[in-house]
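Structural overview
These are the residues of each chain, in order.
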Protein chains: 2
Amino acid sequence: MEITKLEPEKRQGLVVVLTGNGKGKTSSAMGMVLRAAGHGMRICVIQFMKGDIYSGEWDGVKLLGEQVDFNVTGKGFCGIQGNPYPHSEHRKNAQDAVKLVHEKMMSNKFDLLVLDEINNALQLTLVDLNQVLEIMEKRPDHLHLVMTGRDAHPQVIDAADTVSQVNEIKHAYRKDIEPQPGIDY
Amino acid sequence: MEITKLEPEKRQGLVVVLTGNGKGKTSSAMGMVLRAAGHGMRICVIQFMKGDIYSGEWDGVKLLGEQVDFNVTGKGFCGIQGNPYPHSEHRKNAQDAVKLVHEKMMSNKFDLLVLDEINNALQLTLVDLNQVLEIMEKRPDHLHLVMTGRDAHPQVIDAADTVSQVNEIKHAYRKDIEPQPGIDY
């Protein structure tokens, strides 16, 4: 059997949004990182809010080599029980992350930019709607932009090309199964 | 800031199902592959039906090294326009893949087993419901099992721990944008 190698007549950057309350938004973004790495593309990941709890993808992307630039910018989920940092500190981190997004985006070094949990950061007012829309507007045409997190803003959905809503049908934690490495973190 | 390294009191294999018509099911499974690789886990992927069109994850997983055993078993989507192979040939391939699943599952060499598009293969009668349920029943307790594809069977959903339904809110192809490498394949 011959294997088809697709090549679009026109390569163009897509804006992909993964939202909803189910498992599989960050995982999906990381899958695109793996896929893009397979194509030899250059990838930048900026994780908003995350940073206080180790997750396997931090080491997973190292295996992909220098083509992935991975940035963890947060101190955990703002307002979640047990998180000791005030809103102002979470907001400062997220605002620094927005600056980093512009730097990375304008460097022209990347084919794929993942902004993990940015929808959440917007919902929690750690970043502002106009800041997110500005990132989308200033995105270079060739750059793929993937944005994850619950509660994506309707205007962000409007401005995106591909949007998936990941709905929880069931989740192991509801059976009191603890988060498991490799699957949940 | 100190980084928390979670470790569950009890490690146990989870059955995760990713279904629905939206983008992000295989991507999500590949993200779990990347995450599990970061944890140093041993991973086996068996793609049902896929095999006729190159996708970036085929080379992406090679970058993760020998800890990933990746198997492409199909000849494309049965019944889709342009696919030249009869149902009987697709079924034979899928039946061989089921044998491979049992071999890999019983080898005790893996911590994560991904059965990509198996829901689709079931829906298209390339595999039978009792075969899929048997795989789920015989799964060793420690093994994570991730199953993707549209139209997951209700009994498969019943027997799973975590299930997400990925719904299409919008997709670039509806604007006549061709599939793009790194994102769509």
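Structure shown above.
Below or above, wherever it landed, is the structure these notes cover.

Scoring rules and cut-offs
- Residues numbered from 1 in each chain as written.
- Chains lettered and ligands numbered in written order.
- Predicted model: local features only at pLDDT ≥ 70, side-chain atom pairs only at ≥ 80, totals over all residues.
- Heavy atoms only, no water.
- Least-squares fit on C-alpha atoms with pLDDT ≥ 70 in both.
- Contact = heavy atoms within 4.5 Å.
- Buried area = accessible area lost by both parts, 1.4 Å probe.
- Salt bridge = Lys/Arg side-chain N within 4 Å of Asp/Glu carboxyl O.
- Polar contact = N/O pair within 3.5 Å; in protein donor to acceptor, adjacent residues only side chain to side chain.
- Helix = DSSP H or I, 4+ residues; strand = E, 2+ residues; numbered from the N terminus.
- Nonpolar A, V, L, I, M, F, W, Y, C, P; charged D, E, K, R; others polar.
- Axes fitted to C-alpha atoms, helices over the stretch in contact; angles between N-to-C directions.
- Parallel < 35°, antiparallel > 145°, perpendicular 65-115°, else oblique.

1. Concerning the relation of the copies chain A and chain B
Relative to chain B, chain A is turned by 180° and slid 0.0 Å along the rotation axis, the superposed coordinates differing by an RMSD of 0.0 Å. Expressed as a symmetry operation, the mapping of one chain copy onto the other fits a two-fold axis. In this assembly, 100% of the residues forming the interface of chain A have copies in chain B that are likewise at the interface, indicating an isologous arrangement.

2. Regarding the interface of chain A and chain B
Contact with chain A, which involves 77 residues of that partner, is made by 77 residues of chain B. With both chains or domains summed, chain A and chain B bury close to 6,500 Å², and 61% of this area falls on carbon and sulfur atoms. A:Arg35 is the salt-bridge partner of B:Glu57, the closest N and O atoms lying 2.8 Å from each other. Taken together, chain A and chain B are joined by 44 residue pairs in polar contact (both at pLDDT 80 or more). Of all the elements in the fold, those that place two or more residues in the side of chain A that touches chain B are β1 (15-19), α1 (25-38), α2 (57-63), β5 (144-148), α6 (154-159) and β6 (162-170) of chain A. Grouping the constituent residues of the side of chain A that touches chain B by class yields 34 nonpolar, 24 polar and 19 charged.

3. Section: the packing of helix α3 (residues 87-106) of chain A against helix α5 (residues 129-138) of chain A
Residue and element names in this part refer to chain A. Put simply, α3 and α5 touch, their axes get as near as 11 Å, and they point 5° apart. Viewed along their axes, α3 and α5 adopt a mutual orientation that is roughly parallel. Together, Gln-95, Val-98, Val-101, His-102, Met-105 and Met-106 of α3 and Gln-131, Glu-134, Ile-135 and Lys-138 of α5 make up the contact between the two elements. When its residues are assigned to classes, the contact of α3 with α5 shows five nonpolar, three polar and two charged.

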